[in-house]
Amino acid sequence: MMRKIVTVITRNRNVTSLVEHFDHQLRGARLSGCDFSQGSWIYDDTYPLYNASLCSFIEKQFNCEGNGRTDKLYLKYRWKPQQCELPKFNGQDFLERMKGKKIMFVGDSLSLNQWQSLACMLNAAVPQSNFTLQRKGDLSTFYFQDYNISLMLFRNAFLVDLVKEKKGRILKLDSIKNGNSWKGFDMLIFNTWHWWLHKGSAKAWDYIQKGDKLYKDMDRLIAFSEGLKTWSKWVDSNVDPSHTKVFFQGISPTHYNGAEWNATKGTTCNHETQPITGSTYPGGPPPAVAAVKGVLSNMSTAVELLDVTQLSQLRKDGHPSIYGIDGQKGNDCSHWCLAGVPDTWNQFLYAILVMGEKSINLNY
């Protein structure tokens, strides 16, 4: 099996150095079942992977430096798995591998966070390469002309359908007609969770529908799980794994409750400048993590989980906080600064492509 991986990697002339440098780590990861999701953050002066000020298209809500954040330490951390090394991100190699391909992120603003991160990482790797950026409705397309690669984002907070009817806005847990927009891609990266938790005026629906029954509300974790099952059936019925690689972006945590990391009452991500030391998050994983892993384990189509929850939980310092879109009026402990934590999510994505399918122990 290892011989197969090396053959796949060395097929591209641009990654000879990667093979030479990471051959030992690749063998170790394959043989020992190294789990990239278990590790800790270490200081690395070579970071960040790109200069956000040179990423002209970055969203204001993620541009913490541009919004006045003066502490820089949060930019200088690299994720170190316990038992192996993450392959160093090679943007040009990524572009060569994906030449002529269509990649789509599907999800909420955390998908936007990761999509923009990847676009910045790739643009930094080939700064002279031509690109276009178009936005039309819920679809955004970042196109690398020299590589004929479309890096797209389809905004969809629930994956299942949210429709307007006479009774109001209805979240349909067993309907996924919008999935027609996801067909024909070479890679799909899905995400959903945060909007399932919104309450009051922030709630996106008036009713939840399951089968023929309408509910004013229901247990959010149950609703989320039902929606995920509908999504999983869509993937199993509509995705040809020989043509389309499918990923699920793991649950991204928030840091509004300092009790989760044993801080004083009322503490949030605001004023946090360093990660949590070590490899354990005191508050444990969000319940949605088990729901995602349970659904993925019952699918007939192979879906790679980007298991980013724990590493992101350790980064209480990585959020925009008052350096987000609302400035001093807000405190965003949900999204992430760029450069920042989502860059590591994309390193996971790249590592799976480099190391070959199922080279990582995903533990679900």
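Residues numbered from 1 in each chain as written. Predicted model: local features only at pLDDT ≥ 70, side-chain atom pairs only at ≥ 80, totals over all residues. Heavy atoms only, no water.

What about the packing of helix 5 (residues 220-238) against helix 6 (residues 287-297)?
Note the following rule: Between N-to-C directions, angles span 0 to 180 degrees; the directions come from axes that are lines fitted to C-alpha atoms, helices contributing only their stretch in contact. Helix numbering and strand numbering both begin at the N terminus, where a helix is a DSSP run of H or I of at least 4 residues and a strand a DSSP run of E of at least 2. In what follows, roughly perpendicular refers to angles from 65 to 115 degrees, roughly parallel to angles under 35, roughly antiparallel to angles over 145, and oblique to any angle outside these ranges. In this scheme, a crossing is called left-handed if the near helix is turned counterclockwise away from the far one by less than a right angle; it is called right-handed if the turn is clockwise. Two residues form a contact once any of their heavy atoms are found within 4.5 Å. When residues are grouped by polarity, Ala, Val, Leu, Ile, Met, Phe, Trp, Tyr, Cys and Pro land in nonpolar, Asp, Glu, Lys and Arg in charged, and all others, Gly among them, in polar.
At a minimum axis separation of 10 Å, helix 5 and helix 6 run at an interaxial angle of 25 degrees. When the interaxial angle is binned, helix 5 and helix 6 end up roughly parallel. The two elements helix 5 and helix 6 meet at a crossing, and its hand is right-handed. Mapping the contact onto sequence places Leu221, Phe224, Ser225, Leu228, Lys229, Trp231 and Ser232 in helix 5 and Pro287, Ala288, Ala291, Val292, Val295 and Leu296 in helix 6. For the contact of helix 5 with helix 6, a count of residues per class yields 10 nonpolar, two polar and one charged.

What to know about the packing of helix 4 (residues 109-125) against helix 8 (residues 341-355)
Across the interface, helix 4 lies against helix 8 with an axial gap of 9 Å and an inter-helix angle of 75 degrees. Accordingly, the angle class assigned to the pair helix 4 and helix 8 is roughly perpendicular. From helix 4, Leu110, Asn113, Gln114, Ser117, Leu118 and Met121 reach across to helix 8, where they touch Pro342, Asp343, Trp345, Asn346, Gln347 and Leu349. Of the residues belonging to the contact of helix 4 with helix 8, the class tally is six nonpolar, five polar and one charged.

Structural notes on the state of the cysteines
The cut-off we apply is this: Count a disulfide wherever a pair of cysteine sulfur atoms falls within 2.5 Å. Buried residues are those whose accessible area, probed at 1.4 Å on protein chains only, stays under 20% of the maximum for their type, while exposed residues exceed 50% and partly exposed ones sit between those limits.
Summed over all chains, the structure comprises three disulfides. Each sulfur of the disulfide joining Cys64 and Cys337 lies 2.0 Å from the other. What sets the handedness of the Cys64 and Cys337 disulfide is the S-S torsion sign, and at about -90 degrees it is left-handed. Remark: Cys337 occurs in the loop between helix 7 (309-313) and helix 8 and Cys64 occurs in the loop between strand 1 (39-43) and strand 2 (77-81); sequence separation between them is 273 residues. Like Cys337, Cys64 is buried. Each sulfur in the disulfide pair Cys269 and Cys333 lies 2.0 Å from the other. As the torsion about the S-S bond is roughly -85 degrees, the Cys269-Cys333 disulfide counts as left-handed. Taken together, the residues Cys269 in the loop between strand 12 (245-249) and helix 6 and Cys333 in the loop between helix 7 and helix 8 connect sequence positions 64 residues apart.

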